[in-house]
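Breakdown of the fold
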Amino acid sequence: MAQTTFDLADLNRRMDGGVQKFKSDLASLRTGRASANVLDPITVEAYGARTPLSQLATVSVPEPRLLSVQVWDRSMVQAVEKAIRESDLGLNPQTEGQVLRIRIPELNEQRRKEMVKVAHKYAEDAKVAVRHVRRDGMDLIKKLEKDGHMPKDDVTKQTDLVQKATDKHIGEIDQALAAKEKEILHV
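Thresholds, definitions, all that
Residues numbered from 1 in each chain as written. Predicted model: local features only at pLDDT ≥ 70, side-chain atom pairs only at ≥ 80, totals over all residues. Heavy atoms only, no water. Pairing = 2+ DSSP bridges. Helix = DSSP H or I, 4+ residues; strand = E, 2+ residues; numbered from the N terminus. Axes fitted to C-alpha atoms, helices over the stretch in contact; angles between N-to-C directions. Contact = heavy atoms within 4.5 Å. Core = buried A, V, L, I, M, F, W, Y, C linked by side-chain atoms within 4.5 Å. Buried < 20%, exposed > 50% of the residue type's maximum accessible area, 1.4 Å probe, protein only. Expected span 1.5 Å × (residues − 1). Arc of directions from axis to C-beta. Salt bridge = Lys/Arg side-chain N within 4 Å of Asp/Glu carboxyl O.

1. What about the sheet that holds strand β3 (residues 57–63)?
Spatially, 4 strands are ordered β3-β4-β6-β5 in an open sheet, and the strand pairing comes out antiparallel. Taken across any chain shown, the strands that pair with only one partner, and hence form the sheet edges, are β3 and β5 (94–96). Put simply, the sheet's adjacent strands are angled 25 degrees from each other on average, direction ignored. Here 3 bridges tie β5 to strand β6 (residues 99–103), and the two strands are oriented antiparallel to one another. Paired with Q94 across the two strands is R101, which belongs to β6. Sheet strands in contact with helix α2 (residues 77–86) are β4 (66–71), β5 and β6, and its direction is about 15 degrees off that of β6.

2. Details of the environment of M115
Take M115: it is sitting in helix α3 (residues 109–146). Separated by 66 residues in the primary sequence, M115 and E181 place their C-alpha atoms 8.4 Å from one another.

3. Quick notes on the nonpolar core
In this structure, F6, F22 and I173 are the most contacted members of the largest nonpolar core, which totals 26 residues. The element contributing the most residues to this core is α3, with 10 residues. Setting aside its immediate chain neighbours within four residues, F6 contacts L11, G137, L140, I141, L144, M150, Q158 and V162. Counting residues in hydrophobic clusters, the runner-up holds 22 residues, among them I42, V69, I84 and I102.

4. Structural notes on helix α1 (residues 8–27)
Side chains three or four residues apart in an α-helix point the same way, a direct result of the helix having 3.6 residues per turn. For α1, with 20 residues, the first-to-last C-alpha span of 29 Å sits near the 28 Å given by 1.5 Å per residue. Taken together, the buried positions of α1 are L11, M15, G18, V19, F22, D25 and L26. Down the axis of α1, the buried set is contained in an arc of 115 degrees. They therefore lie on one face. Of the exposed residues in α1, the ones pointing more than 90 degrees away from its buried face are A9 and R13.

5. Observations concerning the pattern of salt bridges
As enumerated under the stated definition, the model contains 16 salt bridges in all. Between R14 and D136 there is a salt bridge; the shortest N-O distance is 2.6 Å. Note that R14 is positioned in helix α1 and D136 in helix α3, a separation of 122 residues in sequence. A relative accessible area of 33% means that R14 is categorised as partly exposed. Classification of D136 by relative accessible area gives partly exposed; the value is 29%. In this structure, R111 and E114 form a salt bridge, with 2.9 Å as the shortest nitrogen-oxygen distance. Here R111 and its partner E114 are both found in helix α3, 3 residues apart, which amounts to about one turn of the helix.

In structure tokens form, the structure reads like this:
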């Protein structure tokens, strides 16, 4: 049986993954300007499976307040339209052949506050993911100490390093959230 070892780089990589997922979730939030990333989280019921929109169509931004979705397969136009309409983004596509045009409406104050709440939810989810990685690291350190594979001094040092990595990643999440909140609330 191979001996289990503690790898701080692996924990950092897993925490970075949580932060990157959070940043991509934030990019998909609508701020009043058209962005192709807004449609990234949408999946379409296509060919018997849930398929990301990016694998069925090309999303472009021809104007600052307009998205254009060019669906490649004519038979998928209705499914793509339905998926966009049923998403929680509040968008209403207009179909013109194989092209869907989506006007991005101005965000009113109530909708802006809803977007901020969604951003806070994404942030909390990301923080929980980072804390889970921290817990895994701490559990491994305790197990190694209990099994006699790590001296007490190393346990204290590694525990501090894991906590510093956790604090750093949670700080990144808070910083990205503050920037997105400012962007959403900016009129």
